[in-house]
Amino acid sequence: MPLFKKQPQNRILPTHIAIIMDGNGRWAKKRSMPRSAGHVAGAKTFKNIARYCNKIGLKYLTVYAFSTENWKRPKDEVEGIMNLLRDYLKDAENFKNENIKVKFIGDLEPLADDIKELIKKDEDGSKDATGLNLSIAINYGGKDEITKAVRKIVNEGIPAAEITEQTISDRLYTGGMPDPDFIIRPSGEYRLSNYLIWQSAYAEYWFSDVLWPDFTPKHLEKAIDDYNHRNRRFGGV
Ligand code: IPE
Ligand code: IPE
Ligand code: MG
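Residues numbered from 1 in each chain as written. Chains lettered and ligands numbered in written order. Predicted model: local features only at pLDDT ≥ 70, side-chain atom pairs only at ≥ 80, totals over all residues. Heavy atoms only, no water.

A. View of the layout of surface pockets. In this structure, the largest pocket encloses a volume near 770 Å³. Along the wall of the largest pocket there are 31 residues; nearest its centre are Met21, Asn24, Tyr64, Ala65 and Asn70. Those elements that provide at least two residues to the lining of the largest pocket are α1 (24-30), α2 (35-55) and α3 (75-90). A per-element tally of the lining of the largest pocket places α2 first, with five residues. Residues belonging to the lining of the largest pocket are distributed by class as follows: 14 nonpolar, eight polar and nine charged. (1 Å grid on protein atoms, 1.4 Å probe; cavity = no way out; pocket = protein on both sides within 12 Å on 5 of 7 lines; lining within 4 Å. Points joined across faces, edges and corners; volume = space filled by probe spheres on them. Helix = DSSP H or I, 4+ residues; strand = E, 2+ residues; numbered from the N terminus. Nonpolar A, V, L, I, M, F, W, Y, C, P; charged D, E, K, R; others polar.)

B. Representation of the site of ligand 2 in the model. By nearness alone, every residue bordering ligand 2 is listed as Ile20, Met21, Asp22, Tyr64, Ala65, Phe66, Asn70, Arg73, Arg185, Arg191 and Ser193. The side chain of Arg185 places a nitrogen or oxygen atom 3.4 Å from an oxygen atom of ligand 2. Within the side chain of Ser193, a nitrogen or oxygen atom sits 2.6 Å from an oxygen atom of ligand 2. Protein chains bury 78% of the 390 Å² of accessible surface belonging to ligand 2 in isolation. Given that more than half its atoms are within 2 Å of the pocket grid, ligand 2 belongs to the largest pocket. Looking at the shell around ligand 2, its residues break down into five nonpolar, two polar and four charged. (Near = heavy atom within 4 Å. Polar contact = N/O pair within 3.5 Å; in protein donor to acceptor, adjacent residues only side chain to side chain. Areas by Shrake-Rupley, 256 points an atom, 1.4 Å probe, with all protein chains shown as cover. Sits in = over half its atoms within 2 Å of the grid points.)

C. Examining the nonpolar core more closely. Ranked by size, the top nonpolar core spans 43 residues in total, and within it Leu61, Phe104 and Leu134 carry the most contacts. Looking at this core element by element, the count peaks at six residues for α3. Non-local contacts of Leu61, meaning those with residues more than four positions away in its chain, are made with His16, Ile17, Ile19, Ala50, Cys53, Leu132, Asn133, Leu134 and Ser135. Core analysis: the next-biggest nonpolar cluster, separate from the first, contains 10 residues, Ala18, Ile105, Ala137 and Tyr195 among them. (Core = buried A, V, L, I, M, F, W, Y, C linked by side-chain atoms within 4.5 Å. Buried < 20%, exposed > 50% of the residue type's maximum accessible area, 1.4 Å probe, protein only. Contact = heavy atoms within 4.5 Å.)

D. Representation of the packing of α2 against helix α8 (residues 217-227). For the pair α2 and α8, the least separation of the axes is 10 Å and the interaxial angle reads 50°. Looking at the two axes, α2 sits oblique to α8. Handedness of the α2/α8 crossing: right-handed. Seen from α2, the contacting residues are Asn48, Ile49, Tyr52 and Cys53; seen from α8, they are Pro217, Leu220 and Glu221. Grouping the amino acids of the contact of α2 with α8 by side-chain chemistry returns five nonpolar, one polar and one charged. (Axes fitted to C-alpha atoms, helices over the stretch in contact; angles between N-to-C directions. Parallel < 35°, antiparallel > 145°, perpendicular 65-115°, else oblique. Left-handed = near helix turned anticlockwise from the far one by under 90°.)

E. Highlighting the pairing of strand β4 (residues 133-137). Most of β4 sits out of view: five of its five residues are buried. Neither face of β4 is exposed, since Asn133, Ser135 and Ala137 on one face and Leu134 and Ile136 on the opposite face are all buried. Note: strand β2 (residues 60-64) against β4, five bridges, orientation parallel. Counted as the bridge partner of Tyr60 is Asn133 from β4. (Pairing = 2+ DSSP bridges.)

F. Quick peek at the site of ligand 1. Lining the immediate environment of ligand 1, one finds Met21, Asp22, Gly23, Asn24, Gly25, Arg26, Arg35, His39, Ala65, Asn70, Arg73 and Ile81. In the complex, the protein chains occlude 87% of the 380 Å² of accessible area that ligand 1 would expose alone. Comparing atom positions with the cavity grids shows ligand 1 to sit within the largest pocket. Counting only elements with at least two residues in the shell around ligand 1, the list comes to α1 and α2. For the shell around ligand 1, the element with the highest residue contribution is α1, accounting for three residues. Classifying every residue of the shell around ligand 1 gives three nonpolar, five polar and four charged.

Pasting the structure below:
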């Protein structure tokens with residue numbers, strides 16, 4: 001249930017919120033549990049927050065689930081995360097009934113074939129949804145994304161003088177989506193970790209020590225309230 005039945009008057013909801021879902025490992029460690037238990041708890045939080053965002057009428061939510069750098073982790077941890085992704089995808093029917101449109105961003109090529117098939121099914125199955133546009137970043141890296149966009153531009157033979165910022169934006173995984181207005185990172189880290197580096201050029205940032213599995217709609221509401229006190233100038237006065 002939304003914490004507010006209707007948006008408080010004059011409150012501005014960002015069009016696009018992006019979240020770095022961080023702190024699962026530390027959450028588990030605090031409880032003397034394996035890191036995998038933190039990822040299980042984090043996956044639950046993700047579903048809860050995505051549903052909440054849909055309920056309050058947010059148009060775009062983009063979450064960082066696995067980075068191009070996360071392959072450095074122990075093999076069993078990576079496998080555990082991929083299995084959670086499988087479970088989520090098999091369960092995706094639930095989301096479809098909630099009018100959430102799902103899209104995956106990142107380099108999906110190295111993922112297992114069955115995961116790629118499930119992703120396609122999930123995206124196709126929810127393509128007519130008109131509620132929240134939920135993007136899940138898997139094997140996503142901002143530098144990798146920009147590098148691939150440059151390759152596309154070269155392969156298309158676009159003359160150098162004709163390349164604009166839009167030429168690049170259109171060729172990112174997020175092509176056609178508005179840039180994020182608001183980036184949320186829990187877990188006490190103050191960095192982007194290669195997330196949406198081009199798209200976040202003018203985003204507002206919100207950091208918190210809360211670990212992702214403990215993140216609730218209340219934290220999100222607090223973040224949105226803080227967002228409403230930001231003065232976005234975009235270089236103007
Ligand atoms: C985020 O939590 C999940 C992924 C990066 C896949 P972490 O696993 O990074 O948790 P911490 O940062 O070690 O606590
Ligand atoms: C960022 O978290 C990636 C995701 C949340 C998926 P990390 O835990 O990988 O980031 P660093 O290593 O602390 O920068
Ligand atoms: Mg982390």
